[in-house]
Every structure is written in C-alpha cells, then in structure tokens.
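Here is what each chain is made of, one letter per residue.
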Amino acid sequence: MREGASSSRSADARLDEAKGLAEALDLEVRQGIVAPLRRPTPATLFGSGKVEEIGRLVETLEADVVVVDDHLSPVQQRNLEKAWKAKVIDRTGLILEIFARRARTREGRLQVELARLSYERSRLVRTWTHLERQRGGFGFMGGPGETQIESDRRILADKIGRLKRELGEVRRTRDLQRASRKRVPHPTVALVGYTNAGKSTLFNRLTASEVLAEDLLFATLDPTLRMLKLPDGRPAILSDTVGFISDLPHELVEAFRATLEEVREADVILHVRDIASEESDAQAEDVRTVLDRLNVDLEDRQIVEVWNKLDLVPEDLRERLAGDARRHHPPAIVLSAVTGEGIDALLEEIARLVDAEEPVEAHVPPSDGAAIAWLYRHGRVLEREVEPDGATRVAVRLSSAALGQFERLFPNTELRH
C-alpha cells in the first residue's frame, strides 16, 4: 500500500487491514510493505525506482498476485502487471472479489455481479491490444465494422441492463416485505458497523441465532432479520447488515443501496464499534461517511453506539473506558457480545428509545381479554389494575404505528393520553 492513502488512520493499520482482505480470499501473504508516495505517477502510481524495487521483491518471493491497497486506473494496472509479470489487484477489485465469494442470496449475488460489471466497464479504455481488432460489418451495409472494445462495451452494457431489471424485481419484493412488516407494529432495529466489529456475534447473542460469525473481514454479507425480545417480552425486528470499510468502492455502495434501506427505515440504529481496536475512532468515522453517502441523516436518528469486545480490553483500562462511555454524547453502551456482559443495559436502552412516546391509559372492558393480550405483545405495559366496575386499566407505552393499529382493532376500548 502507499503511505497517505487514507488520512484518518495509520499506514501500518491500513497495511494490516489490506493483509486481512487478502487472507479473506485465501491468499497467502508473503510480505507487506508501505510505499511512501509524495505524488502519484500517472502511468504506474509509484515512481520508477519503487516499481523496480517491488518487481525484484515479487521475483524473489515468486509471487503470483500483487495487491495494491489503493485505486488503480486501468492504465496503471496494465503497466504494473507488465513490469512485475504478475497479476495486480487494487483495493476495489479485491473487495469486489470477496463480496462475489461471500454473497449467498439471489439479491446479494445480483448486487455483487452488478457492481463487478460496473467496475469492469470502467476498465475498458483501450488498455489491451487485442481490443483494437476490427470485426467485419454485417449484411450489405456493414461498413467498417466495430472494434472489439466497442463489442465488449456493448455486451457489458446489455448484461448490466439485464441485471438492473432483475434486481429491480427483487427490490420490489423487498419493498413489499418491508411494507408488510410496517403493518405489524413491531419497532425495527438495525445493526451497522465496520467489518469485523462483532455485529454478527452481537446479532446471535441478542436473537439466539446462529448467523456465521468469524474473525474475518466480511464474514457475512447478506442481510438477516430476526425477532428480538425487549424487556417485558415486547418484540422488535433486528436486522444485521453488511459491514462497512474505509474507501468502500462506489460500485458496491450503489449496488447495496436497496439492501441498506433497512438502515434508513429503522427506528433505532446500533452502531457497533470494536472498542479494543486502536483504530476504533477512525473506523467509526468511516461508517459515518458511508451512512452519509446513503443519505442517512444521523442528526435526526436514534443511534446507540455499542462499544463491543470489552472482553479484549485489559482490566486496568475498563474503568476509564466506562467513564468515557458515560461522557460520550449520547452515552455509549459498553459490552461484550462474546461473554454477554452489558447486553441487558443495551436491551433497556433500545426499549427506552422505541418507547419514546408518552404512555397511554387503556380502559379495557371486562369481556375484552384479547385487547389486554395485544397490548402485552405489542407494547410495554407499565401498570395494570382492575377497576371497581370490572374494567382493566392498563398504562402502556406504544409506538405511533402500534397505537394506530390498536385503535382500529379495538374501537370499544377507551384511551386516555
């Protein structure tokens, strides 16, 4: 990687992350170096001396692949491959390849393929000599024909158009599912965070699920939704989303925009951070940058910062960490998704946020036990007592959607705000 590729984090941290990305593709990393670069060279990104130095290293190590943790233009990629006599992959290509391997659902595969083709289309800029060959014309009015590169561009454009149509159908289905969930008045909670921050482990802890959770960059890609039980038994819908990363390729942000709509529609967003990492602050800023690219207004959302991996923090630093969390605005929740420490505090905070509305009093007739049961399932019952006339008074917190549905289902129940 080149030094100065990202000003928000150290070069060594970026190098470690690049190694992790390569290992996520089952590549054997034989050596990693930081290449100081004052000014990018248009033809090769690096200066001629650095290109020769890396070329000798590639030959000595007998490396088949060189990963450059930066964006390479098509010309730069071609020239480096010629100079080093090895396959060269830039950061965007590396992340796209990981996504292609990890996507499991039809929507995920379509999104990754669309992103990959969009990336490949940008590579077709007359960089390979075989793309200059002329094809003969067709019919009597064939003319000079089309070049190979024009043909390849047309084929890619056709594939991209087809994928967009297929993805449009999948997205319409997702929109219908989201609309259906809205009719069931359960609050929604979305997990976001830097890749490998422990989102899937936290998701499993909160929902008693078995979503793949490994110490691996982008271990899970496809969004998963499960029912979450809040204190007092009230249900909520929890969604786990794809992990973010610094310099997330533009093609992927666009392709996964529909999937990440779950974040935009959520009542509460849990921003999971690896608090044991020295790069935690820089990673948090990268997450905010991606959310901003998705037009998620952070100032107008209920966000809880979840400082995860407390089990990896030394004992002598935990008290100071707890104080930092209390002073954070808004206060953060410190926990360990592995051990379960702090999970109860997180659930209480989620319940408090989704129950932001003022409680209402429902006076339920003696014969209407179904209304009481409904309030327990969809709200947070604070108080319950039987009145002299046999009716039951229930003080309950309900979301706006739940309150509206209750009024439609039980019109004979008196409500007092």
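Overview of the structure. All values derive from a computational prediction rather than experimental measurement.

1. Observations regarding the overall build of the protein chain
So, step 1. Each helix and strand counted, the protein chain has 14 helices and 12 strands in total.
So, step 2. Counting all 417 residues of the protein chain, 51% fall into the buried class.
So, step 3. By sequence separation, contacts in the protein chain at least 24 residues apart represent 67% of the contacts at least 6 residues apart.
So, step 4. Carbon together with sulfur atoms contributes 49% to the accessible area of the protein chain, which is approximately 21,400 Å² in total.

2. Concerning helix 10 (residues 280-293)
Every α-helix winds through 3.6 residues per turn, so residues three or four apart in the chain are directed the same way.
So, step 1. Taking 1.5 Å as the rise per residue, helix 10 with 14 residues should run 20 Å; its terminal C-alpha atoms sit 20 Å apart, in good agreement.
So, step 2. Buried residues of helix 10: Ser280, Ala282, Gln283, Ala284, Asp286, Val287, Val290 and Leu291, and no others.
So, step 3. Those residues of helix 10 that are buried are in contact with strand 3 (188-193), helix 9 (261-265) and strand 6 (268-274).
So, step 4. Note on helix 10: the residue one or two positions beyond its end, Asn295, has a positive phi of about 65 degrees.

3. Some points on the sheet that holds strand 7 (residues 303-308)
So, step 1. Within the open sheet, the 6 strands sit side by side as 4-5-3-6-7-8. Their pairing is mixed. Each edge of the open sheet is held by one strand with a lone partner, namely strand 4 (224-229) and strand 8 (333-334).
So, step 2. For strand 6 and strand 7, the ladder comprises 6 bridges, and the chain directions are parallel. Bridging across to strand 7, Val272 finds its partner in Val306.

4. Observations concerning the nonpolar core
So, step 1. Val192, Phe244, Leu252, Val263 and Leu291 are the most contacted members of the largest nonpolar core, which has 31 residues in total.
So, step 2. By residue number, the principal contributor to this core is helix 4 (residues 91-102), which donates 5 residues.
So, step 3. Apart from residues lying up to four places away in sequence, Val192 is in contact with Lys199, Thr241, Phe244, Val263, Ile269, Leu270, His271, Val272, Val287 and Leu291.
So, step 4. In this structure, Val189, Val272, Ile333 and Leu346 belong to the second largest nonpolar core, which totals 24 residues.

5. A short note on the sheet that holds strand 12 (residues 414-416)
So, step 1. If you walk across this open sheet you meet the 4 strands as 10-11-9-12, and the pairing is antiparallel. Among the strands making up the open sheet, the edge pair consists of strand 10 (380-386) and strand 12. Neighbour-to-neighbour, the strand axes of the sheet open up by a mean angle of 20 degrees, direction not taken into account.
So, step 2. Sheet analysis places strand 9 (residues 360-364) next to strand 12, joined by 3 bridges and oriented antiparallel.

6. Overview of the environment of Ala18
So, step 1. Along the polypeptide, Ala18 turns up in helix 1 (residues 11-24).
So, step 2. Separated by 76 residues in the primary sequence, Ala18 and Leu94 have C-alpha atoms spaced 9.2 Å apart.
So, step 3. Dropping the residues within four chain positions of it, Ala18 is found in contact with Asp69 and Leu94.

7. Considering the side chain of Asp274
So, step 1. Positionally, Asp274 belongs in strand 6.
So, step 2. Taking the relative accessible area as the measure of exposure, Asp274 reaches 14% and is therefore buried.
So, step 3. Dropping the residues within four chain positions of it, Asp274 is found in contact with Ala197, Ser280, Gln283, Asn308 and Lys309.

8. Focus: the environment of Ala43
So, step 1. Position of Ala43 relative to the elements: it lies in the loop between helix 1 and helix 2 (48-61).
So, step 2. Using a relative accessible area of 36% as the deciding quantity, one classes Ala43 as partly exposed.
So, step 3. Spatially, the C-alpha atom of Ala43 lies 5.2 Å from that of Gln76, the residues being 33 residues apart in sequence.
So, step 4. What Ala43 contacts, discounting residues up to four positions off in sequence, is Val75, Gln76 and Asn79.

9. Quick look at helix 4
So, step 1. Here helix 4 spans 17 Å end to end across 12 residues, near enough to the 16 Å set by a 1.5 Å rise per residue.
So, step 2. With respect to burial, helix 4 is a largely interior element, 9 of its 12 residues being buried.
So, step 3. Residues of helix 4 that are buried include every one of Arg91, Thr92, Gly93, Leu94, Ile95, Leu96, Ile98, Phe99 and Arg102, and no others.

10. Overview of the packing of aromatic side chains
So, step 1. If you walk through the whole model with that rule in mind, you get 4 aromatic pairs.
So, step 2. Ring geometry for Phe46 against Trp84: centres 6.4 Å apart, planes inclined by 35 degrees, an arrangement best described as tilted. Of the two residues, Phe46 sits in the loop between helix 1 and helix 2 while Trp84 sits in helix 3 (residues 74-84), which places them 38 residues apart along the sequence. A single burial state applies to Phe46 and to Trp84, both of which are buried.
So, step 3. Ring geometry for Trp374 versus Phe410: centroids 6.4 Å apart, planes at 65 degrees, classification edge-to-face. Here Phe410 lies in the loop between helix 14 (400-409) and strand 12 and Trp374 lies in helix 13 (residues 369-378), a separation of 36 residues in the sequence. There is no split in this pair, since Trp374 and Phe410 are both buried.
So, step 4. Here the aromatic cluster, defined as three or more aromatic residues joined through ring pairs, consists of Trp374, Phe406 and Phe410.

11. Focus on the pattern of salt bridges
So, step 1. Across all of its chains, the model carries 24 salt bridges by this definition.
So, step 2. Notably, a salt bridge pairs Arg318 with Glu315, separated by 3.7 Å at the nearest N-O pair. Taken together, the positions of Arg318 and Glu315, both in helix 11 (residues 315-327) and 3 residues apart, correspond to about one turn of that helix.
So, step 3. A salt bridge links Glu349 to Arg352; its shortest N-O distance comes to 2.7 Å. Residue Glu349 and its partner Arg352 are located together in helix 12 (residues 343-354), separated by 3 residues, close to a single helical turn.

What counts, and where the lines are drawn
Residues numbered from 1 in each chain as written. Predicted model: local features only at pLDDT ≥ 70, side-chain atom pairs only at ≥ 80, totals over all residues. Heavy atoms only, no water. Helix = DSSP H or I, 4+ residues; strand = E, 2+ residues; numbered from the N terminus. Buried < 20%, exposed > 50% of the residue type's maximum accessible area, 1.4 Å probe, protein only. Contact = heavy atoms within 4.5 Å. Areas by Shrake-Rupley, 256 points an atom, 1.4 Å probe, with all protein chains shown as cover. Expected span 1.5 Å × (residues − 1). Pairing = 2+ DSSP bridges. Core = buried A, V, L, I, M, F, W, Y, C linked by side-chain atoms within 4.5 Å. Axes fitted to C-alpha atoms, helices over the stretch in contact; angles between N-to-C directions. Phe/Tyr/Trp six-rings, centres within 6.5 Å; stacked < 30°, edge-to-face > 60°. Salt bridge = Lys/Arg side-chain N within 4 Å of Asp/Glu carboxyl O.

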